Amino acid sequence: MRSHSRPVLAANWKMNLGPAEASAFLDGFLSRYAPRDDRTVVLFPSALVLAAVRERTQPRPDLRLGVQNVSTEDKGAFTGENSAAQAAGAGASFVLVGHSERRHVFGETDAQVAQKCARVTEHGLVPVLCVGETIEQRERGETGEVVLHQLRAGVSMLSHEAIRDMVVAYEPVWAIGTGRNATPQDASDVHLVLRAALAGLVGEDARAIPLLYGGSVNAKNAASLLAAQEVEGLLVGGASLDPVQWAEICGS
Ligand code: PGA
C-alpha cells in the first residue's frame, strides 16, 4: 500500500518552461524550499523536459515527478504519443489524467480517461484523476452529478488496490486560469461528495486517497484552501511557474 504524505502539492506547468527555464526555476525553488516529510511535492513538467528536471532534482529525492498525460495505448504506431511505460522509465511516478484541458480542448472522453488510468496503474504509477464542472453545469446545480460521473467513469477499470493508491483532484473548469478560485467551502462541499463516493467504492480505504483542489490557487489563498475540510492538497498551474510563489505554496 502506498501512502502519500499530505498535503500533496502538485505543480502543473502545462506547456510552459523549456529545459533551460526549468533549470532556472529550480535554482530559485530549491534554495527556498527545504525537504519536508510532512508533505508531498510533485512537479509535472512537459514530458520533453522531464529528463532535465530529473537530473537537476537528483539530490532532492523528496521531490516527486510526473507527466501531464499519457496514451491509452502501451506501444506501437501512435505518432506523437507517450506511454505510461515510457513515463515510468523516464522517472515519473505520477500522471495527470483527465485534466480539464485534455477533456475540453482535446475532446478526451470518459472512456479514454478510464483507459489512461488503467495504463498508468499497470505500470506502477499513480494517476491524479482530475474532475470538475463547467460554469453552466454549476449554475444548473449539476456539480455533484458531473464530478461523480467523471470519478466513477475514471476508476471503472481499476482494482480496489489501484483506487486506494490513487489521487483525485477537483478542479472546477470555471476556476482554472481565471483568477476566480472556488471558496474553501465550495471545495469542501465537493470533496465531501467525492469522499463519500470513494467510500462507496473501496470502503475505509477511501481515507488513503488524497483529495486535491485546483483552480487559481496562489500563495495568498493556498493556506485557507488547505485548511478547508477534506482538502488535502493543491494542484497549481500559473502560480507554480514562479519559484518564489511555488516555494511559498509548498511551505503553506
Ligand atoms: P491554474 O491551473 O492554477 O492556473 O488555475 C490549475 C490547473 O489547470 O491544474
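Report follows, based on the coordinates. These numbers come from a predicted model, not from an experiment.

**Details of the overall build of the chain**
Looking only at helices and strands, the chain has eleven helices and eight strands in total. In terms of C-alpha radius of gyration, the chain reaches 17 Å, essentially the compact-globule figure of 18 Å for 252 residues. Evaluated residue by residue, the chain yields a buried proportion of 54% over its 252 residues. For the chain, the share of sequence-separated contacts (at least 6 apart) that also reach a separation of at least 24 residues comes to 72%. Here the chain has roughly 10,700 Å² of accessible surface; of this, 51% comes from carbon and sulfur atoms. Taken together, the 23 basic and 29 acidic charged side chains of the chain have centroids lying 3 Å from each other.

**Quick word on the side chain of Asn221**
When you line up the elements, Asn221 lands in the loop between β7 (211–214) and α10 (222–226). A distance of 3.4 Å separates the side chain of Asn221 from the side chain of Asn181, its partner in a polar contact.

**Focus: the pairing of β7**
Side-chain positions along a regular strand alternate between the two faces of the sheet. Burial of the side chains of β7 extends over both faces: Leu211 and Tyr213 are buried on one face and Leu212 and Gly214 on the other. With three bridges connecting them, strand β6 (residues 167–170) and β7 associate as parallel partners. Bridge assignment links Tyr170 to a residue of β7, and that residue is Tyr213. Running through helix α9 (residues 184–202), the crossover from β6 to the neighbouring parallel element β7 is right-handed. Alignment of β7 against strand β8 (residues 233–236), held across two bridges, turns out to be parallel. Bridge pairing links Gly214 to Leu235 in β8.

**As for the site of the ligand**
Close to the ligand lie 13 residues; Lys14, His99, Glu171, Gly177 and Ser216 are nearest. Glu171 is positioned with one of its side-chain polar atoms (N or O) 2.7 Å from an oxygen atom of the ligand. At 2.8 Å, a backbone N or O of Gly237 approaches an oxygen atom of the ligand. Taking 280 Å² as the accessible area of the ligand by itself, protein coverage stands at 95%. Put simply, the ligand lies in the second largest pocket. When its residues are assigned to classes, the shell around the ligand shows four nonpolar, seven polar and two charged.

**What to know about empty space enclosed by the protein**
Across all of its chains, the model carries one cavity of 30 Å³ or more by this definition. Empty space within the largest cavity amounts to approximately 50 Å³. Every residue lining the largest cavity is listed: Gly98, His99, Ser100, Arg103, His104, Cys130, Val131, Gly132, Glu171 and Val173. The biggest single contributor to the lining of the largest cavity is helix α4 (residues 100–104), with three residues. When the residues that make up the lining of the largest cavity are grouped by side-chain class, the tally is three nonpolar, five polar and two charged.

**So, the nonpolar core**
Ranked by internal contacts, the top residues of the largest apolar core, which has 67 residues, are Phe29, Leu194, Tyr213, Leu234, Trp246 and Ile249. When residues in this core are grouped by element, the largest group, six residues, is from α9. Leaving out residues up to four positions away in the same chain, Tyr213 has contacts with Tyr170, Pro172, Ala175, Asn181, Ala182, Ala187, His191, Leu225, Val231, Gly233, Leu234 and Leu235. Listed in part, the 13 residues of the second largest apolar core include Phe44, Leu96, Leu212 and Leu235.

**Structural notes on the packing of aromatic side chains**
Taken as a whole and judged by the stated rule, the model has five aromatic pairs. Taking 4.8 Å as the distance between ring centres and 65° as the angle between the ring planes, the aromatic pair formed by Trp13 and Phe25 counts as edge-to-face. Of this pair, Trp13 sits in the loop between β1 (8–12) and α1 (19–32) while Phe25 sits in helix α1, and the two are twelve residues apart along the sequence. With a centroid separation of 6.5 Å and an interplanar angle of 35°, the aromatic rings of Phe29 and Trp246 are classed as tilted. Taken as a pair, Phe29 in helix α1 and Trp246 in helix α11 (residues 243–250) lie far apart in primary sequence, 217 residues in all. One exposure class covers both Phe29 and Trp246, and it is buried. Put simply, the rings of Trp13, Phe25, Phe29, Tyr33 and Trp246 touch in pairs and so form one group of aromatic residues. One Lys or Arg, Arg102, reaches over the ring of Phe106 and ends 4.2 Å from the middle of that ring.

**Re the state of the cysteines**
Inspection of every chain in the model, using the stated rule, returns zero disulfides. Of the cysteine sulfurs around Cys130, a residue in no disulfide, the closest is that of Cys117, at 9.2 Å. What makes Cys130 buried here is its relative accessible area of 1%.

What counts as what
- Residues numbered from 1 in each chain as written.
- Predicted model: local features only at pLDDT ≥ 70, side-chain atom pairs only at ≥ 80, totals over all residues.
- Heavy atoms only, no water.
- Helix = DSSP H or I, 4+ residues; strand = E, 2+ residues; numbered from the N terminus.
- Rg over C-alpha atoms; globule rule 2.2 N^0.38 Å.
- Buried < 20%, exposed > 50% of the residue type's maximum accessible area, 1.4 Å probe, protein only.
- Contact = heavy atoms within 4.5 Å.
- Areas by Shrake-Rupley, 256 points an atom, 1.4 Å probe, with all protein chains shown as cover.
- Lys, Arg positive; Asp, Glu negative; His and termini not counted.
- Charge placed at Lys NZ, Arg CZ, Asp CG, Glu CD.
- Polar contact = N/O pair within 3.5 Å; in protein donor to acceptor, adjacent residues only side chain to side chain.
- Pairing = 2+ DSSP bridges.
- Right-handed = clockwise from strand over helix to strand, strands pointing away.
- Near = heavy atom within 4 Å.
- 1 Å grid on protein atoms, 1.4 Å probe; cavity = no way out; pocket = protein on both sides within 12 Å on 5 of 7 lines; lining within 4 Å.
- Sits in = over half its atoms within 2 Å of the grid points.
- Nonpolar A, V, L, I, M, F, W, Y, C, P; charged D, E, K, R; others polar.
- Points joined across faces, edges and corners; volume = space filled by probe spheres on them.
- Core = buried A, V, L, I, M, F, W, Y, C linked by side-chain atoms within 4.5 Å.
- Phe/Tyr/Trp six-rings, centres within 6.5 Å; stacked < 30°, edge-to-face > 60°.
- Lys NZ or Arg CZ within 6 Å of the ring centre and 35° of its normal.
- Disulfide = S-S within 2.5 Å.

Geometric values such as these leave the question of function open.
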